[in-house]
Amino acid sequence: MATPRRGRGYSKPDRVTTVGDMHVGSTANCPAGWTVSSAGWKFYGGYGRINDRAAWYRSEVVDSSDTLATYTFTTGTIEELDNLWAREHVFDFRPQPLTDAFEIFQAEVEESKKARQAAKDLLYSVLDPMQIHSLEQTGFFVVFSQSGKPYQIQGGHVLNVAELDGQGRVVARLCALPEGVPDEDVMTAQVLMLRYAEEMFRGIANIRTEVQ
Amino acid sequence: MSEMRVMGSEGDVKITWDAGVEEEVKIARKTFDKMKAKSYIAFKVKKDGSQGKVIDEFDPDAEKIIMAPQMSGG
């Protein structure tokens, strides 16, 4: 009897997923619903259906590039497999919690992409075409405060604001940001602060003078 | 049509209102006040982000309002 692995939160899956026509030793990508994230392949398995037969399956990493997996299957009716599970703990790697974690992770990645795109749209709405071009080509752009002082803002959010002199040399680096928002929103807030509330921004920011 | 963009961890939320529609203004004002209570800073700007200023009170006639979370030194 195989010894069930414990302590990782694995549990018996409570749903059946159609996985299509899979074969023992297949190196095909995991079926939809069971894929893992870019974090790499992990041990996991599923309660699926192969050629109209219910099946347990599991996958294991088979190469170091984390791109291939092999599958092993035990097919039978759901009841048979339930019995197998109950009697022998045939498979140690239970997918549900892990799959949920990856689904959550993937959903978070998607949300993050949407958030960043929305933030980028907002940033671009307050920049002029030259600033957008500069940002896309060089990773930074220059914004002028109401006092006429030029500041260079780089992508990112840590010490990403530089105060420039008349020759375009960096004389100081400033760091002030709203927390918990995408980098592009940080930049938008910095642009608006420098344009319309420069003194407030400088009062908040940590300022590091550059030695010439 | 005016719009307000409120920054957040999941991207900014966009709220639009017509200054002539009381109910829409009411919703936008309520959101503004709620975020100000959370120490958000509000910028009233033109649609293209120009000619802005920091505001503490909701302006129903603003073309665009951008609200950012409170800033702190990094």
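Definitions and limits used
Sequence order as written defines residue numbering, which begins from 1 separately in each chain. Chain labels run from A onward and ligand labels from 1 onward, assigned in the order the entries are written. Local features in a predicted model are, by the rule used here, given only for residues with pLDDT of at least 70; side-chain atom pairs are given and counted only at 80 or more, and totals for whole chains, interfaces and linings are based on all residues. Helix and strand definitions follow DSSP, with helices as H or I runs of at least four residues and strands as E runs of at least two, each counted in order from the N terminus. Any residue with 12 or fewer other C-beta atoms within 10 Å of its own C-beta is exposed, any with 20 or more is buried, and the rest are partly exposed; the C-beta atoms used are placed from the backbone. C-beta atoms are placed from the backbone for every residue, and two residues are taken to be in contact when these atoms lie within 7 Å. Paired strands are those between which DSSP finds at least two bridges. Between the N-to-C directions of two axes lies an angle of 0 to 180 degrees, each axis being a line fitted to C-alpha atoms and, for a helix, fitted only over the stretch in contact. What makes a nonpolar core is a set of buried Ala, Val, Leu, Ile, Met, Phe, Trp, Tyr and Cys residues, with links drawn between C-beta atoms within 7 Å. Here the expected span of a helix is defined as 1.5 Å times the quantity of residues minus one. This arc describes the spread of directions from the helix axis toward the C-beta atoms.

(A) Here's a closer look at the overall build of chain A. When you go through chain A residue by residue, the secondary structure sums to 5 helices and 9 strands. Helices (α) and strands (β) of chain A occur, in sequence order from the N terminus, as β-β-β-β-α-α-α-β-β-β-β-α-α-β. Residues classed as buried in chain A amount to 29% of the 212 residues present. Across chain A, every contact between residues at least 6 apart in sequence was considered, and the portion connecting residues at least 24 apart equals 57%.

(B) The overall build of chain B, seen in detail. Broken down by element type, chain B carries 1 helix and 6 strands. For chain B, the succession of helices and strands along the chain, N to C, is β-β-α-β-β-β-β. Considering chain B as a whole, with its 74 residues, one finds that 35% of them fall into the buried category. Sequence-distant contacts, at least 24 apart, represent 43% of the contacts inside chain B between residues at least 6 apart.

(C) Highlighting the sheet that holds strand S1 (residues 2-6) of chain B. Residues and elements named next belong to chain B. In space, the 5 strands of this open sheet follow the order S2-S1-S5-S3-S4, with mixed pairing throughout. Each end of this open sheet is capped by a strand with a single partner; those strands are strand S2 (13-17) and strand S4 (53-55). On average, each strand axis in the sheet is tilted by 25° relative to the strand beside it, whichever way the strands run. Bridging between S1 and strand S5 (residues 64-68) involves 4 bridges; their strand directions are parallel.

(D) Looking closely at the environment of B:Ala68. Structurally, B:Ala68 is set in strand S5. Using a count of 26 C-beta atoms within 10 Å as the deciding quantity, one classes B:Ala68 as buried. Here the alpha-carbon distance between B:Ala68 and B:Asp12, two residues 56 residues apart in the chain, equals 9.2 Å. In this structure, B:Ala68 is in contact with A:Pro178, A:Asp185, A:Ala189, B:Met7, B:Tyr40 and B:Ile41, ignoring residues within four places of it in sequence.

(E) Looking closely at helix H3 (residues 129-138) of chain A. Taken across its 10 residues, H3(A) has 1 buried, putting it largely on the surface. Looking at the residues trailing H3(A), positive phi occurs at A:Gly139, about 90°.

(F) Local environment of the interface of chain A and chain B. Listed per partner, the contact involves 28 residues of chain A and 21 residues of chain B. Those elements giving two or more residues to the side of chain A that touches chain B turn out to be helix H2 (95-126), strand S8 (170-178) and helix H4 (183-196) of chain A. With 8 residues, H2(A) is the largest single contributor of residues to the side of chain A that touches chain B. Summarising the sheet, S8(A) and strand S6 (residues 71-73) of chain B pair through 3 bridges and their orientation is antiparallel.

(G) Representation of the pairing of S2(B). Direction of pairing for S1(B) relative to S2(B): antiparallel, over a ladder of 5 bridges. If you follow B:Glu3 over to S2(B), its bridge partner there is B:Thr16.

(H) Up close: the nonpolar core. Core analysis: the biggest nonpolar cluster contains 46 residues, and A:Leu192, B:Ile65 and B:Met67 have the highest contact counts within it. Residue contributions to this core peak at 8 residues, all from H4(A). Apart from the residues lying within four places of it in its own chain, the contact partners of B:Met67 are B:Met4, B:Val6, B:Met7, B:Met35, B:Tyr40 and B:Ala42.

(I) Local environment of the pairing of strand S5 (residues 140-144) of chain A. All names here are of chain A. Side chains of S5 alternate between two faces, with Phe141 and Val143 buried and Phe140, Val142 and Phe144 left unburied. With 5 bridges joining them, S5 and strand S6 (residues 150-154) adopt antiparallel strand pairing. The residue bridging Phe141 from the neighbouring strand is Ile153, located in S6. Turn length for the S5-S6 hairpin, with the two strands adjacent in sequence and antiparallel, is 5 residues, and the turn residue Gly148 shows positive phi of about 95°.

(J) Spotlight on unusual backbone geometry. In the Ramachandran plot, B:Ser39 falls in the positive-phi region, its phi being about 70° despite a non-glycine side chain. Examined against the element boundaries, B:Ser39 turns out to sit in the loop between helix H1 (22-37) and strand S3 (41-45).

(K) Fine view of H1(B). All names here are of chain B. Between the first and last C-alpha of H1 there are 22 Å, a value that for 16 residues agrees with the 22 Å anticipated at 1.5 Å per step. Listed as buried for H1 are Ala28, Phe32 and Met35. Burial along H1 is one-sided: seen end-on, the buried residues are contained in an arc of 70°. In H1, the exposed residues that point more than 90 degrees away from the buried face are Glu22, Glu23, Lys26, Lys30, Asp33, Lys34 and Ala37. On the buried face of H1, the contacting elements are S1, S2, S3 and S5.

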